Amino acid sequence: MSLRCPILLTLLLHIPVSGSFKLHLSQGKAPGSGEPPLANLSLGAAAVGWRCRLDERRTPEPLRGCLEVGARSGQLRQTGPLDCSRLPANPLPLHLRYRAAEPPRLLSVRARLAVHVHGPGCRPRGRGPAGRLDVDVRLAGPAAGRRSLLDVWDFVPAALRPPGALCSRLNGSGLPLLHPGGVLWAGGECPGRAAGPPAEAQLLCAPPPGRPGGALLIRVRLAEDRAVAGRPPRAKRSTNRSPQFELPSYQVSVPENEPADTRVIALSARDLDEGDAGRLEYTMESLFDSRSTDYFRMDPDSGAVTTTQQLDRETKDTHVFKITAYDNGTPRRMATAILTVTVSDANDHVPLFELSEYREIIRENVEVGYELLTIRAIDSDAPSNANMLYRIVNHNENNSVFEIDTRSGIVRTKGVIDREVVAEYHLIVEANDQGKDPGPLSATATVYITVEDENDNFPQFSEKRYIVQVPENIAVNTKILQVKATDRDKGNNAVIHYSIVSGNIRGQFYIDSVNGNIDIINPLDYESTREYTLRIKAQDGGRPPLINSTGLVMIQVIDVNDNVPIFVSTPFQATVLENVAIGYSIIHIQAIDADSGNNARLEYRLVDAPPDFPLVISNNTGWITVAVELDREMTELYAFGVEARDNGIPSMTSSASISITVLDVNDNNPTFTESVYYLRLNEDAPVGSSLLTVTAIDRDVNSVVTYQISSGNTRNRFAMTSQSGGGLITLAMALDYKQERQYVLTVTASDGTRLDTVQVYINVTDANTHRPIFQSSHYTVSINEDKPVSTTVVVISASDEDTGENARITYIMEDNFPQFKINPDTGTIITRMELDYEDQASYTLAITARDNGIPQKSAITYVEILVNDANDNNPQFVRDLYQGTVFEDVPSSTSVLQISATDRDSGPNGRVFYTFHGGDDGDGDFYIEPSSGIIRTGRKLDRENVPVYNLKVFAVDKGNPPLKASVNVQITVLDVNDNAPAFQEDEFDIYIEENSPVGSSVARITAADPDEGTNAQIMYQIVEGNNPEVFQLDMFTGDLIALTDLDYETKTEYVIVVQATSAPLVNRATIHVRLLDKNDNAPVLRNFEIIFNNYVTNKSNSFPSGVIGKIPAYDPDVSDRLFYTFVEGNELNLLILDQNTGHLKLSQDLDNNRPLEASLKISVTVLAELTEKLFNEDGYEADATCVGQFYFPATVYRVALI
């Protein structure tokens, strides 16, 4: 038999995205003449009469303006440069369309390529489109009387055909593969009818092994074209057709700061209806942000969109609207599109520094290259207008010790910082954004840098040596001199304390530790000490202090005439024989004067002497001699006075009385009563004390014996007078045990002519006459704070010029410092407990040295103990946890937060720097400034990759060994809309049941957006394939709603393109909506006859025993399985029926020559087996199968044998 049936053949070619459907272009590259085409997309020699063009409705505007394709050649060329800043996404889809010229409905080919743009500032945004090639083949002419062969390679672009590809059939029904080269059987008779399923086949075509090229998966579907077959088309549901926009979404860019009423875009929808049904009205509704409504308005008639006020990109850079076009027909129809308005940037914002002014403190003497701080300026403009460069404007001579990194803004030292040279710096830093429209803008900030003093300068005395002359009678507590030292440092480092290191042997002087005034605190005595040399120490207040002990003060004591002459004895008595010669020396009058020089040079003269006095006195020596012969009978006794006068100014005098008796001549020697005299005398015996009386006896009558010391009177310590018949020895000058401990005096007794001598032994015993003297009046020692208890700090030593108990010294610590104790015998100061520099850095102990004489004498000294810092304190952070936030799109080196730690130690031990070393820097996403503790971004962040960073930072001191402390820092990355929505796949299938109620939700299509909050709000729309409108997609939920009856038997699959928008980012997916067949059609079985001739031949086995036919029943439901049974009329089993297949065989009982006609009734039952995919509670797939039976009334069939 033969049929005349037109057929519709569709080829779908699925080509991997990694294959030839990617096109790579460079930003800003202007095409040149004679350049080769980007690609040859012609269909080759088989495509005679084809026309190729860009699908302008689907291709984005930036590509439409710079690419063209040859209508006949299929060559793709670039006609203009590309600008990444104007691209809504990267990559972009490029849609191409091929159509055959004759016949007009013969063939159509659609292709989509993924275009990737590369260059500075071009980065991938969103997943982008997948390349795809669809080939629709429509055979409009009749195919009767001949068999049709179809070569699929005739409809694949030549550049994409794998060389020598061989095809294999995967699955399908109908359309057999006749040749592995890609030839299909596509004609001869209608393989399917209007109620039957389409024929289809899937082919996998790939080049032979070892040859280049990718594999293609080709699906071929063949169905009847009812319109060509002359069947009437389906009735329209409504005479009013819906309007349609040319594109499902529009993107336009508007410069900021343009005046109100600036034209943005004119949107136009098309309605093929006439009259009011074709007249459109436009409305505009903001999506995601209601503020957008305040900036734009739309003309309801023309669809023109204009601004209502100036736009500010920095306030809002993207506005998304839902545009609706309503017609005025009945019922009223509408169409929607999405309008995304991007506000382009103008350089209208000056850079803004993080701080209006910066104030930093830097230590002097830091190393060259030390990073002081980072200056950052931000600019709200787009990156092209916010490319910041930094420089120091006032880079004069002083400021030349600093430099700034032009890109990062890090200020470093490039010279030596010396506070004593420059104490403050004022840097003016400029940030220039390098903008080009209308030009670069800049701003300045002032950096005030204060140099922190280090104790690096010793105190310096104003003079190398101070000399002062002081009269010995100066009043106590009188200032005699001020020493002055200066220190170039600052603050405590320049506060100077003065002390006397040595030379203050008797404690006569006191120096004010603050102002350096030297006062007399004990009387001076020139006669005791004529000159003092003091060594002065100047110590600053630094930690540790610096000391200059080179100050010398020479104090010269000037003698004053403050001592009157003192006669060694008064009255003086002597005797003289009357017959002595003139010039005979009778007695030596002696006076002493403790002063010196002229103040101690004495002159003697007689007073109260009558005229013609026979005696004279030597003016210088004091000897009284005979000037005129004596005559006892005339004058027996002479009584007169002697005056001693010094030569001081004014002079001082003293007088003594003298009596001289004139004796007769005698002949007996005076004789001492003792052969020798012994005397023990304390050295502190007062001058003038009577020590011993010696007596000599002269047997002469009226003899007068006089006594005098003739030898052994060292230093004239003693004097002797004759009185009451004896000789009295008195102390004339103070004794000194250290100088002479024994005197042997020879005393002479004379009666004028005769004499006798005797020795007097005077032993001087030590008295506690000396106070202890310290080796230094001020001790300065240092000790490390980490020394153990009982460590010796210093040994204090004092000496005493006395002897014995008078020189045995006991040391006492006057103040109660629990940290120290002193050994009372040795003067060793040791620690009693651990020292802590951070609690107290220095101690001043008053140490008293006391002898054990009676009375006790003492001296005091001061011991300054400086505690040296040891690195015994770890840095300590101000907080236990630091938290900060930062947007994911901030540029590198953006400041996030600042941490701070302190260290109780001093100097390098207390200097802290910050580091991620050994901690966690988020895999390099952050870095920290070592000096300031500011944490900055190290690179571009991605919240979708890491939403929260848990960092670990160390604060490390510069001690040896260094100590450190850690702190946790939590940084939350704030979201920006930088991710396009993403479907699970670029192309996928969904299955829905036919006959789903109109208006019901038949599926939910969802995309995921890694962003969060409003940035993750997704809007869905169908942008392709929904013509006529079969489905409606809920804009916000993604629910797919059926608008018409869905009939599997009419159409089994719908292909739609769904767009997910998170303005301004979009993504698309191709969705194959496949209908699941339901058993909604009864089996069809009409009455039929089986007529066959039964004849007898001589041949054996001539009776047909095989299948003679099949019951002509069918069911439009492709999933139904028919079950055949005889209801009545076949009681004799004349026919054998296969219940499953419906095949008929003849019974052997019919193998005779008898005519027979019988009526049989057959029942056809449908076993509908439906399988649904379910999800159990654990989320795993499970199959559930149900079997239903549908019974239909029996049909009578007639069987006749002829």
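For clarity, every value in this text was computed on a predicted model and none was experimentally measured.

Colleague: Just checking my understanding: could you explain the pattern of salt bridges for this structure?
Modeller: Any two side chains of opposite charge can pair, so long as their charged atoms come close to each other. Per the counting criterion, the structure on display carries 36 salt bridges. The partner of R936 in a salt bridge is E929, with the nearest N and O atoms 2.8 Å apart. Overall, R936 belongs to the buried group, its relative accessible area being 0%. A relative accessible area of 4% places E929 in the buried class. The shortest N-O distance in the salt bridge between R1004 and D1039 comes to 2.6 Å. With a gap of 35 residues between them, R1004 in strand β79 (residues 1001-1004) and D1039 in strand β82 (residues 1039-1042) connect regions that are remote in the sequence.

Colleague: Got a minute to help me understand the sheet that holds strand β3 (residues 39-40) in this structure?
Modeller: In any sheet, the strands associate via hydrogen bonds between backbone groups, in a parallel or an antiparallel arrangement. Taking strand neighbours across the sheet as the criterion, the three strands line up as β3-β6-β5 in an open arrangement whose pairing is antiparallel. On the outer flanks of this sheet lie β3 and β5 (67-69), each paired with one strand and no other. Where β5 meets strand β6 (residues 75-78), three bridges bridge the pair, whose relative direction is antiparallel. Bridged to E68 within β6 is R77.

Colleague: What's the story with the nonpolar core in this structure? I'm lost.
Modeller: One broad trend across soluble globular proteins is that nonpolar side chains are buried collectively. Formed by 31 residues in total, the largest nonpolar core has its most connected members in F567, I589, L615, I624, F640, V642 and I660. Within the residue set of this core, elements represented by two or more residues are β44 (572-577), β45 (585-588), β47 (602-607), β48 (615-617), β49 (623-626), β50 (637-646) and β51 (653-663). Counting residues per element, this core draws most heavily on β51, at five residues. Ignoring sequence-local partners within four residues, the contact set of V642 consists of F567, I589, Y604, R605, L606, V607, I617, I624, S654, S655, A656 and I658. By size, the runner-up hydrophobic cluster in this structure holds 27 residues, among which are I375, Y390, F402 and V451.

Colleague: Looking at this structure, how should I read unusual backbone geometry?
Modeller: Glycine aside, residues mostly have negative phi, and peptide bonds are mostly found in the trans state. Residue I649 is joined to P650 through a cis peptide bond whose omega torsion reads -10°. Omega for the peptide link from A1063 to P1064 comes to 5°, which places this bond in the cis form. Note that P1064 resides in the loop between β83 (1053-1062) and β84 (1065-1076). Despite not being glycine, N365 has its phi angle at roughly 70°, a positive value. Looking at the element boundaries, N365 is found in the loop between β26 (357-363) and β27 (371-374).

Colleague: How should the pairing of strand β64 (residues 809-813) be read in this particular structure?
Modeller: Moving residue by residue along a regular strand, the side chains alternate between the two faces of the sheet. Judged by which residues are buried, β64 turns out to be one-sided: I809, Y811 and M813 face inward and are buried, whereas T810 and I812, on the alternate face, are not. One ladder, built from five bridges, connects β64 with strand β67 (residues 842-851); its direction is antiparallel. Residue I809 lies in a different strand from β67, and its bridge partner there is D851.

Colleague: Help me out: how do you make sense of the confidence of the model for the protein chain in this one?
Modeller: In low-pLDDT regions, the fine details of the predicted coordinates are not to be read closely. Confidence in the prediction for the protein chain averages 81 pLDDT; 83% of positions are at 70 or higher. For the stretch residues 188-196, pLDDT sits under 50, and the model shows 16 contacts to residues farther than four places along the chain or on other chains. Here residues 224-238 is a poorly scored stretch, pLDDT under 50, and it has 28 contacts once near neighbours within four places are set aside; other chains count.

Colleague: I'm lost on the sheet that holds strand β58 (residues 742-750) in this one. Help?
Modeller: The four strands lie next to each other as β53-β59-β58-β55, forming an open sheet whose pairing is mixed. The sheet is open, and its two edges are formed by β53 (676-682) and β55 (706-711), each paired on a single side. Put simply, the sheet's adjacent strands are angled 30° from each other on average, direction ignored. Bridge count between β58 and strand β59 (residues 755-765): nine bridges; the pairing is antiparallel. Paired with T746 across the bridge in β59 is Q759.

Colleague: I'm lost on the side chain of N713 in this one. Help?
Modeller: Structurally, N713 is set in the loop between β55 and β56 (718-723). For N713, a relative accessible area of 19% gives the class buried. A polar contact of 2.6 Å, which involves the side chain of N713, links it to the backbone oxygen of F718. Residues in contact with N713, not counting those within four places in the same chain, are F718 and L745.

Colleague: Would you mind going over the pairing of strand β66 (residues 828-831) with me for this structure?
Modeller: Residues T828 and I830 point to one face of β66 and I829 and T831 to the other, with burial holding for every one of them. Sheet topology places strand β62 (residues 792-795) next to β66; three bridges connect them, and they run antiparallel. When the sheet's bridge partners are listed, V794 is paired in β66 with I829. Where strand β65 (residues 820-822) lies against β66, three bridges are found, and the strand directions are antiparallel. Looking across to β66, one finds that F820 is bridged to T831.

Reading the values: the criteria
Residues numbered from 1 in each chain as written. Predicted model: local features only at pLDDT ≥ 70, side-chain atom pairs only at ≥ 80, totals over all residues. Heavy atoms only, no water. Salt bridge = Lys/Arg side-chain N within 4 Å of Asp/Glu carboxyl O. Buried < 20%, exposed > 50% of the residue type's maximum accessible area, 1.4 Å probe, protein only. Helix = DSSP H or I, 4+ residues; strand = E, 2+ residues; numbered from the N terminus. Pairing = 2+ DSSP bridges. Core = buried A, V, L, I, M, F, W, Y, C linked by side-chain atoms within 4.5 Å. Contact = heavy atoms within 4.5 Å. pLDDT = per-residue confidence, 0-100. Axes fitted to C-alpha atoms, helices over the stretch in contact; angles between N-to-C directions. Polar contact = N/O pair within 3.5 Å; in protein donor to acceptor, adjacent residues only side chain to side chain.

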